[in-house]
Amino acid sequence: MVSEKNETRGTSDEARICPVAVVVGSDSDMDAMQTCIDTLSSFSIKAVVRIISAHRTPQIAAEFAESAAKKGIKVIIAAAGMAAHLAGALAARTSLPVIGVPLISAGGLEGIDALLSTVQMPPGVAVATMAIGKAGAKNAAIFAVQILALTDKNLAKKLAQFKKAQQQKVIEKDSALR
Ligand code: RP5
């Protein structure tokens with residue numbers, strides 16, 4: 001994982017080689033998104049992690065999205081709760097694929113608020129929206145890996161191994177019942 005501080009420098013070699021950015025709307029989103037960061041790590045993908053708010057730091061959000069491709073980022077994962085406009089706001093300013101993760105936040109509507117805010121993008125601005133919460137956080141990482149694996153044979157191999165191991169676990173659990 002690359003810290004916000006590292007990424008803020010923007011020009012470091014380390015920042016350049018991170019193909020995935022995980023952006024959260026608040027530090028309160030980090031617990032759910034750790035699943036995403038850990039899953040990326042399991043594929044040896046170091047993520048650039050940032051806390052950027054579409055509403056509280058809109059200028060930084062715009063600058064981040066506009067400069068992401070130049071820094072070598074290939075996929076952006078954006079997670080937020082409540083009126084979760086982060087993924088859409090970033091997608092509005094980049095042609096990189098943006099994966100949205102709607103999160104449950106205290107005082108919210110169990111993530112339905114964030115789900116609708118993330119998924120209901122107007123035609124022409126795409127956000128690939130995952131499930132609410134930790135399931136979505138994990139799937140965002142898998143989806144990012146799937147995108148990167150299109151042009152990375154090593155990653156494609158790891159992805160195939162992951163799918164096989166996952167399948168094996170279910171088969172073993174089924175066998176244990178019989
Ligand atoms: C959203 O508002 C964040 O993504 C977070 O899920 C929610 C609440 O933020 P905090 O008040 O906890 O910072 O923008």
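Use the structure listed above.
**Things to note about the state of the cysteines**
In step 1: Following the criterion strictly, the structure yields 0 disulfides and no others.
In step 2: Of all cysteine sulfurs, the one in Cys36 lies closest to Cys18, which takes part in no disulfide; the gap is 13 Å.

**Some points on the sheet that holds strand β1 (residues 20-24)**
In step 1: The 5 strands lie next to each other as β2-β1-β3-β4-β5, forming an open sheet whose pairing is parallel. At either margin of the open sheet sits one strand with a lone partner, and together these are β2 (47-51) and β5 (128-129).
In step 2: As paired elements, strand β3 (residues 75-81) and strand β4 (residues 98-103) share 6 bridges and run parallel to each other. Following the sheet pairing, Ala78 is matched in β4 by Gly100.
In step 3: This element, helix α3 (residues 30-42), spans β1, β2, β3 and β4 of the sheet and lies at about 175° to β1.

**Observations concerning unusual backbone geometry**
Leaving glycine out, the prevailing phi sign among residues is negative, and the prevailing peptide bond configuration is trans.
In step 1: Residue Ser44 is not a glycine yet carries a positive backbone phi of 60°.
In step 2: Positionally, Ser44 belongs in the loop between α3 and β2.
In step 3: On the accessibility criterion, Ser44 (58% relative accessible area) is exposed.
In step 4: The phi dihedral of Met82 is positive, around 55°, even though this residue is not glycine.

About the criteria used
- Residues numbered from 1 in each chain as written.
- Predicted model: local features only at pLDDT ≥ 70, side-chain atom pairs only at ≥ 80, totals over all residues.
- Heavy atoms only, no water.
- Disulfide = S-S within 2.5 Å.
- Pairing = 2+ DSSP bridges.
- Helix = DSSP H or I, 4+ residues; strand = E, 2+ residues; numbered from the N terminus.
- Contact = heavy atoms within 4.5 Å.
- Axes fitted to C-alpha atoms, helices over the stretch in contact; angles between N-to-C directions.
- Buried < 20%, exposed > 50% of the residue type's maximum accessible area, 1.4 Å probe, protein only.

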